[in-house]
Amino acid sequence: MLKIYNSLTREKQDFVPIIPGSARMYVCGMTVYDYCHLGHARVLVVFDMVQRWLRASGLQVTYVRNITDIDDKIIKRAVESKQSIAELTARFIAFMDEDAAALGVEPPDHEPRATAYVPQMLDLIGQLEKNGLAYQAADGDVNFSVRKFAGYGKLSGKSIDDLRAGERVEVDTAKEDPLDFVLWKHARDNEPFWPSPWGNGRPGWHIECSAMSSDLLGKHFDIHGGGQDLQFPHHENEIAQSEGAHLCRFVNYWMHNGFVRVADEKMSKSLGNFFTIREILKNYDAEVVRFFILRAHYRSPLNYSDSHLDDARQALTRLYTALKSVGAADAGASPVDWDEPHAQRFRQAMDDDFNTPEACAVLFDLAAELNRRKSPAVAGQLRGLAGLLGLLTRDPQIFLQAAPSNETADSVADIEARIAERVAAKKNKDYAAADRIRADLLAAGVVLEDSSAGTTWRRS
RNA sequence: GGCGCGAUAGCAAAGCGGUUAUGCACCGGAUUGCAAAUCCGUUCAGCCCGGUUCGACUCCGGGUCGCGCCUCCA
């Protein structure tokens, strides 16, 4: 039975879907005003893995990952770069799609954009006003009355009286309470706006997720995910809005993935210590990055550095090498034999709050067995289980010989010509010449492997 | 100040109250013309102090250190 760590209760719980046999999941995606960085990659990959495992478990999954395409930063960036908001967001959505595809992230079932849900947001705000939880302030903003919502803080474990609103940021004096947050911002000069019963304006930060999730998944659904930094205030506010408007429970299981860190500090936009996905993909194969993310547990911090990525690449090379050794070139999906012990261990690991590090360990044990027995059945298990994580989906040869995109690596034809030369030298027992060629290629990042079947090569 | 998380071998990272995690790196052996890959084997752990227990890396208490949230952030 699948167990999920629920941020709301701070414990692992059996996953019991609201509708038996199905799972509805909403994940907070990107705000599209810049390239995605590794932190975003982690969210994409982690919840892709979750979604895959839910499906592999036989559940009918509806996976929604939203796009926030209107907010302060987008407006600011559009002005700075002298382009329209639509142009800006379209560009970065396209970049995000490319990055996600490279990382082996399957497209979600729905990818709603905030700007397409303004009417639903206004409905929600109207409902909140009707329920006495929202009010329009003197400046025209519509705010949520945090103190009127019982249970505010239950997700983040905060008590209203302990929150120090305004300690680090100037308090909006139009609010009745400093902790209140904006549902609808009144229109300002040179900013996009929509008409509403409260005057022209645009949505506050949190309302879009409440609107999109209930529209696509219903008022009450199974799983809501996102980065740990969204737990407060974003998700806390989503709960307040959704439950305050619908007067029923919002989400059963809250999942939060840990941060990516650089030198033991959170990777973030504000600290400026982030690496974009496309920057990293210049030096590393996308599958290496995916593996790097998945070999750590999703709730643990993940330290980023080149040497960690190098390490991940070596490890993934071992897996692909094992596959190559049995000539398992066929990259087609392999059905998993779930009665087999490795598969059982794998399932047990994944069912335990998506323990991908343990699941990866199973993969390595399978690789060792494959190297020993050269059995196609073992290769099938390895390929099949890894495939559930979105790994080992390619022909080993392609992975092992792939050149990093930013390097002017020797062409395959050149390498093979040199190998032919060396084979000839070896035939003449001219080992000095053969070794020289091998050393030259090694210096160029190409490792040769001789076997009774001939010489093969891979990039180091 | 409030709340939360973590501390495992050289590095990364899991499970587990007693029995090999796993990967990278390292060392010895097999294999190889020599390598590489692979196999076999060895070495290397559990922040500190108490407690519970026949037995604790694993449970409990107290420290220390690190990180995060309380502001936009995935």
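Because the structure is predicted, anything quoted here is derived from the model rather than measured.

Caption draft 1: Region of interest: the pattern of salt bridges. Within the structure shown, the criterion is met by 35 salt bridges. A salt bridge links R394 to D285, with the shortest nitrogen-to-oxygen separation between them at 2.6 Å. You can see R394 sitting in the loop between α12 (376-388) and α13 (396-401) and its partner D285 sitting in the loop between α7 (277-280) and α8 (286-294), a full 109 residues away along the chain. Look at R394 and you get partly exposed, because its relative accessible area is 23%. The salt bridge involving R373 is made with E369; its shortest N-O contact spans 2.2 Å.

Caption draft 2: Looking closely at the packing of aromatic side chains. Applying the stated rule across the entire model yields 15 aromatic pairs. Ring centres of Y26 and F221 lie 6.5 Å apart, and the angle between their planes is 50°; on these two criteria the pair is classed as tilted. Here F221 lies in strand β9 (residues 221-227) and Y26 lies in strand β3 (residues 22-31), a separation of 195 residues in the sequence. Owing to a relative accessible area of 0%, F221 belongs among the buried residues under this scheme. With centroids separated by 6.1 Å and ring planes inclined at 65°, the aromatic side chains of W53 and W338 adopt a geometry described as edge-to-face. On the criterion of sequence distance, the pair formed by W53 in helix α1 (residues 38-56) and W338 in the loop between α9 (306-325) and α10 (341-351) is long-range, its members being 285 residues apart.

Caption draft 3: Structural view of the packing of helix α4 (residues 118-130) against helix α5 (residues 207-217). Where α4 contacts α5, the two axes come as close as 9 Å, and the packing angle between them is 105°. In terms of axis orientation, α4 runs roughly perpendicular to α5. Of α5, the residues touching α4 (which contributes Q120, M121, L124 and I125) are I207, E208, S210, A211 and D215. The residue makeup of the contact of α4 with α5, split by class, is five nonpolar, two polar and two charged.

Caption draft 4: Geometry of the UniProt feature "binding site: Zn(2+)" (unreviewed entry) in chain A. Under the UniProt annotation, the feature "binding site: Zn(2+)" (unreviewed entry) is placed at C28, C209, H234 and E238. Separation in sequence by 211 residues is not matched in space for these annotated residues, since their most distant C-alpha atoms are only 11.0 Å apart. Among the structural elements, C28 can be located in strand β3. Not counting chain neighbours up to four residues away, the residues in contact with C28 comprise V43, N66, C209, H224, G225, L230, H234, H235 and E238. The topology assignment puts H234 in helix α6 (residues 231-246).

Caption draft 5: Up close: the sheet that holds strand β6 (residues 142-144). Ordered by their spatial adjacency, four strands build an open sheet running β5-β6-β7-β8, and the pairing between neighbours is antiparallel. Edge positions in the sheet fall to β5 (134-136) and β8 (201-203), since each has one partner strand and no second. Sheet twist, expressed as the average angle between the axes of neighbouring strands with direction ignored, equals 25°. Both β6 and strand β7 (residues 181-186) contribute to a ladder of three bridges, which runs antiparallel. From the neighbouring strand, V142 faces β7, where its bridge partner is W184.

Caption draft 6: Looking closely at the sheet that holds strand β10 (residues 251-257). Across the sheet, which stays open at both edges, the four strands sit in the order β4-β3-β9-β10 with parallel pairing between neighbours. Looking at which strands have only one partner, the edges of the open sheet turn out to be β4 (60-68) and β10. If you compare each strand with its neighbour and ignore which way they point, the axes differ by 20° on average. Here eight bridges tie β3 to β4, and the two strands are oriented parallel to one another. The partner of Y26 across the bridge, within β4, is V64. Sheet strands touched by α5: β3, β4 and β9. Its angle to β3, the strand with the most contacts, is close to 150°.

Caption draft 7: The pairing of strand β15 (residues 454-459), seen in detail. As paired elements, strand β14 (residues 446-451) and β15 share six bridges and run antiparallel to each other. The residue of β15 that forms the bridge with V447 is R458. Hairpin connection between β14 and β15: a loop of two residues separates the two successive antiparallel strands.

Caption draft 8: Unusual backbone geometry, seen in detail. For the bond from F232 to P233, the omega torsion is 0°, close enough to zero to count as cis. Within the secondary structure, P233 sits in helix α6. The phi torsion at R10 lies on the positive side, around 60°, for a residue other than glycine. Its location among the elements puts R10 in the loop between β1 (3-6) and β2 (11-14). Residue classification places R10 among the partly exposed positions, given a relative accessible area of 44%.

Each value, and the rule that gives it
- Residues numbered from 1 in each chain as written.
- Chains lettered and ligands numbered in written order.
- Predicted model: local features only at pLDDT ≥ 70, side-chain atom pairs only at ≥ 80, totals over all residues.
- Heavy atoms only, no water.
- Salt bridge = Lys/Arg side-chain N within 4 Å of Asp/Glu carboxyl O.
- Helix = DSSP H or I, 4+ residues; strand = E, 2+ residues; numbered from the N terminus.
- Buried < 20%, exposed > 50% of the residue type's maximum accessible area, 1.4 Å probe, protein only.
- Phe/Tyr/Trp six-rings, centres within 6.5 Å; stacked < 30°, edge-to-face > 60°.
- Axes fitted to C-alpha atoms, helices over the stretch in contact; angles between N-to-C directions.
- Parallel < 35°, antiparallel > 145°, perpendicular 65-115°, else oblique.
- Contact = heavy atoms within 4.5 Å.
- Nonpolar A, V, L, I, M, F, W, Y, C, P; charged D, E, K, R; others polar.
- UniProt positions renumbered as here; feature names shortened; annotations may be inferred.
- Pairing = 2+ DSSP bridges.

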